[in-house]
Amino acid sequence: MRDLAVRTFTPDSPADAPPVLLVHGFGSDGRADWIETGMVDALTAVGRSVIVPDLPGHGDSPAPASAGEATAPAVAAALVAVLDRAGAETFDAVGYSLGARIAWELPSAAPGRMERAVLGGLSPVEPFTAVDIDALRRAVHEGTECDDPFTGAIAAMVRAQGDRAAGLALCVEGLRATPFEGGPWNAKVLPVFVVGENDELTRGIGRLAEELGEAELVTVPGAHHEVPGGPHWRVAVLDALSR
């Protein structure tokens with residue numbers, strides 16, 4: 001996989017803390033989820049260095065050449081390469097939606113290096129397993145409509161990205177092949193989960209938090225796509241990373 005596009009931000013008065021890796025959601029990019037929402041400014045204001053990559057097929061990053069380059073472990077490995085290039089021996093991570101799903105893989109991809117993590121908008125089940133991949137391919141490459149409403153919604157989201165649609169469809173295929181299944185958390189500190197009070201996608205995440213050993217679950221106002229732009233999300237992230 002070719003190198004991911006990445007933006008880095010250094011505070012005027014650095015704190016004695018590791019850099020923060022910010023991982024955006026599906027169909028978005030680092031600028032939309034983290035810069036335009038004020039998260040980068042909020043972190044640098046408290047002295048944190050920030051690393052903001054665009055995931056494969058998103059933003060300024062190259063599209064995956066195959067679905068195999070877009071599996072969750074493969075994307076996590078690409079993020080570790082970003083951290084290596086930045087010279088980050090240890091790091092904190094914040095991910096939202098798909099970004100939280102990928103951040104879940106980082107303790108295994110970078111053993112012993114993750115300090116704290118905030119996982120926002122994480123679904124306890126893999127949404128992409130419900131996608132009809134053949135129908136999605138036809139929708140993207142031939143412009144056909146999908147009989148299945150959920151596949152149709154994903155296809156509409158993907159096709160809205162224009163020239164990036166084919167790469168995003170490969171991302172869906174790769175993520176579907178490596179569905180989120182939970183399991184043990186292998187980092188030094190349990191993650192903090194943040195969910196929107198009206199976010200149906202995250203229903204049931206409390207059970208995962210309990211299974212990890214009473215990981216903290218924070219509820220903030222908003223639905224799934226409203227949370228990243230809200231001030232309560234920024235406050236929750238800053239609080240979790242300051243402990």
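Residues numbered from 1 in each chain as written. Predicted model: local features only at pLDDT ≥ 70, side-chain atom pairs only at ≥ 80, totals over all residues. Heavy atoms only, no water.

Student: Before we move on, can you summarise the overall build of the protein chain with the specific residues and values?
Tutor: Along the protein chain, the regular secondary structure elements total ten helices and seven strands. Taking 2.2 N^0.38 as the reference for a compact globule, 243 residues should give roughly 18 Å; the C-alpha atoms of the protein chain span a radius of gyration of 17 Å, in line with that estimate. Across its three principal directions, the C-alpha atoms of the protein chain cover 55 × 35 × 30 Å. Relative to its full complement of 243 residues, the protein chain shows a buried share of 51%. Counted over contacts in the protein chain with a minimum sequence separation of 6, partners at least 24 positions apart contribute 74%. In the structure as shown, the protein chain presents an accessible area of about 10,600 Å², 49% of it carried by carbon and sulfur atoms. In the protein chain, 18 side chains carry a positive charge and 34 a negative one; their mean positions are 3 Å apart. (Helix = DSSP H or I, 4+ residues; strand = E, 2+ residues; numbered from the N terminus. Rg over C-alpha atoms; globule rule 2.2 N^0.38 Å. Buried < 20%, exposed > 50% of the residue type's maximum accessible area, 1.4 Å probe, protein only. Contact = heavy atoms within 4.5 Å. Areas by Shrake-Rupley, 256 points an atom, 1.4 Å probe, with all protein chains shown as cover. Lys, Arg positive; Asp, Glu negative; His and termini not counted. Charge placed at Lys NZ, Arg CZ, Asp CG, Glu CD.)

Student: Please provide a residue-by-residue account of the nonpolar core, values included.
Tutor: Of all hydrophobic cores here, the largest spans 56 residues; its most connected members are Ile102, Trp104, Leu106, Leu122, Leu136 and Phe193. Per element, the largest residue contribution to this core is eight residues, and it comes from helix H3 (residues 72–85). (Core = buried A, V, L, I, M, F, W, Y, C linked by side-chain atoms within 4.5 Å.)

Student: Quick one: what's the story with the packing of aromatic side chains, residue by residue and with numbers?
Tutor: Here the structure, examined in full by the defined rule, presents five aromatic pairs. The interplanar angle of 35° and the centroid separation of 6.4 Å between the aromatic rings of Trp34 and Trp233 together place this pair among those described as tilted. Here Trp34 is found in helix H1 (residues 30–35), whereas its partner Trp233 is found in helix H10 (residues 231–241), with 199 residues between them in sequence. Comparing Trp34 with Trp233, the two get one shared label, buried. Ring centres of Tyr96 and Trp233 lie 5.4 Å apart, and the angle between their planes is 70°; this geometry places the pair in the edge-to-face category. (Phe/Tyr/Trp six-rings, centres within 6.5 Å; stacked < 30°, edge-to-face > 60°.)

Student: Lay out the pairing of strand E2 (residues 20–23) with the relevant residues and their values.
Tutor: Burial along E2 is two-sided: Val20 and Leu22 facing one way and Leu21 and Val23 facing the other are all buried. Direction of pairing for E2 relative to strand E4 (residues 91–96): parallel, over a ladder of four bridges. Across the sheet, the residue bridging to Val20 is Asp92, located in E4. (Pairing = 2+ DSSP bridges.)

Student: Describe the packing of helix H6 (residues 133–142) against helix H7 (residues 149–159), listing the residues and the values that go with them.
Tutor: Contact geometry for H6 and H7: axes closest at 10 Å, N-to-C directions at 35°. For the pair H6 and H7, the sense of crossing is right-handed. In this structure, H6 contributes Ala135, Leu136, Ala139 and Val140 to the contact, and H7 contributes Thr151, Ile154, Ala155, Val158 and Arg159. Of the residues assigned to the contact of H6 with H7, the class counts are seven nonpolar, one polar and one charged. (Axes fitted to C-alpha atoms, helices over the stretch in contact; angles between N-to-C directions. Left-handed = near helix turned anticlockwise from the far one by under 90°. Nonpolar A, V, L, I, M, F, W, Y, C, P; charged D, E, K, R; others polar.)

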